[in-house]
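A closer look at the structure
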Number of protein chains: 2
Amino acid sequence: TQPKVTLAHGGGGTAMRDLIEDVFLETFSGAGHAAPEDQARFDLSALAAQGDRLAFTTDAFVVDPLFFPGGDIGKLAVCGTINDLAVGGARPVALSCAVIIEEGLPLETLRAVVASMARTAAEAGVVIVTGDTKVVARGACDKLFLTTTGIGVVRTGLDVGIAKGRPGDVVLVNGLLGDHGAAILNARGDLALETPIESDCAPLHDLVATLIAAAPGIRMMRDATRGGVAAVLNELAEASGVGVRIRETDVPLRPEVNGFCEILGLDPLYLANEGKLVAVVPPEEAEAALAAVRAHLLGREAAIIGRLAAERPGRVVMETRFGGERIVDMLVGDQLPRIC
Amino acid sequence: TQPKVTLAHGGGGTAMRDLIEDVFLETFSGAGHAAPEDQARFDLSALAAQGDRLAFTTDAFVVDPLFFPGGDIGKLAVCGTINDLAVGGARPVALSCAVIIEEGLPLETLRAVVASMARTAAEAGVVIVTGDTKVVARGACDKLFLTTTGIGVVRTGLDVGIAKGRPGDVVLVNGLLGDHGAAILNARGDLALETPIESDCAPLHDLVATLIAAAPGIRMMRDATRGGVAAVLNELAEASGVGVRIRETDVPLRPEVNGFCEILGLDPLYLANEGKLVAVVPPEEAEAALAAVRAHLLGREAAIIGRLAAERPGRVVMETRFGGERIVDMLVGDQLPRIC
Ligand SMILES: Nc1ncnc2c1ncn2[C@@H]1O[C@H](COP(=O)(O)OP(=O)(O)OP(=O)(O)O)[C@@H](O)[C@H]1O
Ligand SMILES: Nc1ncnc2c1ncn2[C@@H]1O[C@H](COP(=O)(O)OP(=O)(O)OP(=O)(O)O)[C@@H](O)[C@H]1O
Ligand SMILES: [Mg+2]
Ligand SMILES: [Mg+2]
Ligand SMILES: [Mg+2]
Ligand SMILES: [Mg+2]
Ligand SMILES: [Mg+2]
Ligand SMILES: [Mg+2]
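Read on for an overview of the structure.

Cut-off values and rules
Residues numbered from 1 in each chain as written. Chains lettered and ligands numbered in written order. Predicted model: local features only at pLDDT ≥ 70, side-chain atom pairs only at ≥ 80, totals over all residues. Heavy atoms only, no water. Near = heavy atom within 4 Å. Polar contact = N/O pair within 3.5 Å; in protein donor to acceptor, adjacent residues only side chain to side chain. Areas by Shrake-Rupley, 256 points an atom, 1.4 Å probe, with all protein chains shown as cover. Helix = DSSP H or I, 4+ residues; strand = E, 2+ residues; numbered from the N terminus. Donors = N, O, S within 2.8 Å, 3.2 Å for Na, K, Ca; no water. Buried < 20%, exposed > 50% of the residue type's maximum accessible area, 1.4 Å probe, protein only. Nonpolar A, V, L, I, M, F, W, Y, C, P; charged D, E, K, R; others polar. Pairing = 2+ DSSP bridges. Axes fitted to C-alpha atoms, helices over the stretch in contact; angles between N-to-C directions. Phe/Tyr/Trp six-rings, centres within 6.5 Å; stacked < 30°, edge-to-face > 60°.

1. Considerations on the site of ligand 1
Around ligand 1 there are 18 residues in total, and Glu-37, Asp-132 and Thr-133 of chain A together with Thr-225 and Arg-226 of chain B lie nearest to it. Each of chains A and B places residues next to ligand 1. One of the side-chain nitrogen or oxygen atoms of Thr-133 of chain A is found 2.8 Å away from a nitrogen atom of ligand 1. Contact between ligand 1 and Asp-59 of chain B: an oxygen atom at 3.0 Å from a side-chain N or O atom of the residue. Taken by itself ligand 1 offers 620 Å² of open surface, and the protein chains cover 90% of this. Only helix 1 (14-29) and strand 6 (127-136) of chain A provide two or more residues apiece to the shell around ligand 1.

2. Regarding the coordination of the magnesium ion (ligand 4)
Those protein atoms acting as donors to the magnesium ion (ligand 4) are Asp-84 of chain A (OD), Asp-223 of chain A (OD) and Asp-38 of chain B (OD), and they sit at 2.0 to 2.1 Å. The metal-metal distance between the magnesium ion (ligand 4) and the magnesium ion (ligand 3) comes to 3.6 Å, with Asp-84 of chain A coordinating both. On the criterion of chain membership, the pair formed by Asp-223 of chain A in strand 9 (residues 220-223) and Asp-38 of chain B in the loop between helix 1 (14-29) and strand 1 (40-43) is interchain, its members lying in two chains. The two residues Asp-223 of chain A and Asp-38 of chain B agree in class, both being buried.

3. A word on the site of ligand 2
Near ligand 2, the surroundings consist of 18 residues, among which Thr-225 and Arg-226 of chain A together with Glu-37, Asp-132 and Thr-133 of chain B are the closest. The environment around ligand 2 is built from residues contributed by chains A and B. At 2.6 Å, a backbone N or O of Glu-37 of chain B approaches an oxygen atom of ligand 2. Between ligand 2 and Thr-130 of chain B there is a distance of 2.9 Å, counted from an oxygen atom to a side-chain nitrogen or oxygen. The residue makeup of the shell around ligand 2, split by class, is seven nonpolar, four polar and seven charged.

4. Side note on unusual backbone geometry
A cis amide bond links Asp-64 of chain A with the next residue in sequence, Pro-65 of chain A, at an omega value of 5 degrees. With a phi angle near 65 degrees, Lys-143 of chain B is a residue other than glycine that sits in the positive phi range. With respect to the helices and strands, Lys-143 of chain B occurs in the loop between strand 6 (127-136) and strand 7 (144-154). Exposure remark for Lys-143 of chain B: the relative accessible area of 29% places this residue in the partly exposed category.

5. Section: the sheet that holds strand 7 (residues 144-154) of chain A
Read across the open sheet, the five strands follow the order 6(A)-5(A)-7(A)-2(A)-1(B); overall the sheet is mixed. Looking at the sheet topology across the chains shown, the edges are occupied by strand 6 of chain A together with strand 1 of chain B. Recorded for the sheet is a direction-independent mean angle of 15 degrees between the axes of neighbouring strands. Pairing of strand 2 (residues 53-61) of chain A with strand 1 of chain B involves four bridges; the strand directions are antiparallel. Counterpart to Phe-56 of chain A in the pairing with strand 1 of chain B is Ala-40 of chain B.

6. Here's the deal with the coordination of the magnesium ion (ligand 6)
All names here are of chain B. Taken together, the protein donors to the magnesium ion (ligand 6) comprise Asp-59 (OD) and Asp-84 (OD), at separations of 2.1 Å. In this structure the magnesium ion (ligand 5) is found 3.7 Å away from the magnesium ion (ligand 6), and Asp-59 serves as a bridging donor for the pair. Here Asp-84 lies in helix 3 (residues 73-86) and Asp-59 lies in strand 2 (residues 53-61), a separation of 25 residues in the sequence. Taking the relative accessible area as the measure of exposure, Asp-59 reaches 11% and is therefore buried.

7. Some words on the pairing of strand 8 (residues 170-173) of chain B
Residue and element names in this part refer to chain B. Residues of strand 8 alternate between two faces, with Val-170 and Leu-172 on one and Val-171 and Val-173 on the opposite face, all of them buried. Where strand 8 and strand 12 (residues 303-309) come together, four bridges link them in antiparallel fashion. Looking at the pairing, Leu-172 lines up with Ile-304 of strand 12.

8. Side note on the packing of aromatic side chains
All names here are of chain A. Per the counting criterion, the structure on display carries five aromatic pairs over all chains. Centroid distance Phe-24 to Phe-28: 6.1 Å. Interplanar angle 50 degrees. Geometry classified as tilted. Separated by four residues within a single helix, Phe-24 and Phe-28 lie in helix 1, roughly one turn from each other. When sorted by exposure, Phe-24 lands in the same class as Phe-28, which is buried.

Right, here's the structure in full:
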């Protein structure tokens, strides 16, 4: 029978110490690391060499299923927190990893998730430096939840924010929308598509670096996770006191995603993304921004989807493909459960 | 019927935004806060004015029941993370708050927990600056889990660590051991004591400041949570390559805790604490350290419980009250489930 996580693995004794050592510390830091302290420590002057402000962000991850086309909960947790640092203009530095495990989870499942976290972090050049491991009784949680918290350093002089949009600014996204939400729905068997859609789950810090270099006057960035692009645009409209006008024909969508959204009556602007951001740049930098993003592996299908306007402040208005107009509100009511 | 948390509260739409705004942001930051960004930001030079290193730590909290004599999951989550910062010699600065909520949790319960977090943080002078809110379907988690991550600044020149113990050093604790574990056991009805025991849950950063001022040569501190004082002493013995000798008669215990431990055959050294630390100080600073800790509200029952020795490196040995000796190992097997 395959080895499983037991309550003793969270009990503070030898079983816990061995699990943490063997599954987490070896994977995250390699063998031969020093005896761990209750906190990681970073030289503040080394951080200050990278910028003038510390960024700090956290997300919990409860996605079901744990593994899906294009990713898994571990990759998602690392990318999600990297992205919340990156969209603030920060270079991601380090992550923490808190896990809540249901008694009985196969150890192999845990190892696969942790290996995916380590791989994703290493590729992104961030270190996982501290964590916590709790085990709850069977039935007290569903398999595995992760919470990653990140610290990073914001580039000196850069000041992006949701309230910084100005009329005339240009809105761009870095590619096809809704793939993550669609991938999870389909992985649950809710769509029964012939070819699985892959989640777009990806770390965006390098794309963001490229974008900032091309558009140093950039106003704001947001990764369009739960609530989709619609949520980001509505927050932008409200916080900046501007109208947002987008054009339906300019919104990049995978035909399969577009297709099932039509069939199910879903709006792809509400679908979650895990590797897509909305960026607002001043008009004179829009062309350079788009070209730079398109030249990046994670931005090949990037598009300008709209502009900010003085008219209808607080509102997001879409010119439909039929030449009409409709208001794109925040999502009201349920969206897709456990997508992130 | 009382209002409850629904899946829509985690869905990325208006219900989520309103819940975060109303329950978390207003409580943590007060009304009139700016539109929130995906990450909090801190001036690095302001941090550097407090010390030379950043400390970073995380813990998940899954305690059952959510409310118990002496505290609740919110107070526990704030204190626990403050303590993991403090024992590294850091002044706690800010916390993040990630919550996983079971669909159907009464909103009032959530509010009570969040209010307790806010109160505890405010009293400790730390700010809760960012967070995340996920809702899972009924049955996918048990009521409410919290993960707090903390950042702080380590005092310049101070370098404490688990490997820094030296033969001759003195081991002290700041008070009665095992109260948290006992309180939770009893709150679950597992003990049926006549008078409830209160958890010792408390933020230790101020006590730590006092201790460091009195014993600037301090070697290490650890809060004795899961696995109790026995776990800390074993890690210390191993990492420092020293023997640890403690005396049973010097271990401060509440008579009730001692009593039920004897009846149930539990060792109080394995019981969890949430407001107790183990500190190791050089012998010449021991007296000053003890006096300073005893003068603090959270250290009135502090005691020197033992010493480090060159003999029996890696081992924790207790002189029993009957004049014998026994080895105090790490806990093997289960401890108390869901105490933290
Ligand atoms: N999932 C994990 N990933 C990375 N590191 C981890 C993980 N779990 C634990 N650790 C590390 O192992 C060490 C011990 O963690 P542990 O949670 O026991 O410490 P603690 O927070 O002081 O205790 P408690 O959680 O009981 O309050 C710490 O250095 C911690 O960072
Ligand atoms: N429990 C909470 N406590 C404090 N702040 C919170 C909490 N939940 C959310 N917030 C804050 O609300 C804002 C929106 O959070 P949200 O989780 O929607 O952002 P996100 O992480 O970018 O999105 P997602 O979680 O979908 O990736 C952030 O500023 C966040 O810090
Ligand atoms: Mg996020
Ligand atoms: Mg985000
Ligand atoms: Mg911990
Ligand atoms: Mg802890
Ligand atoms: Mg979030
Ligand atoms: Mg600790």
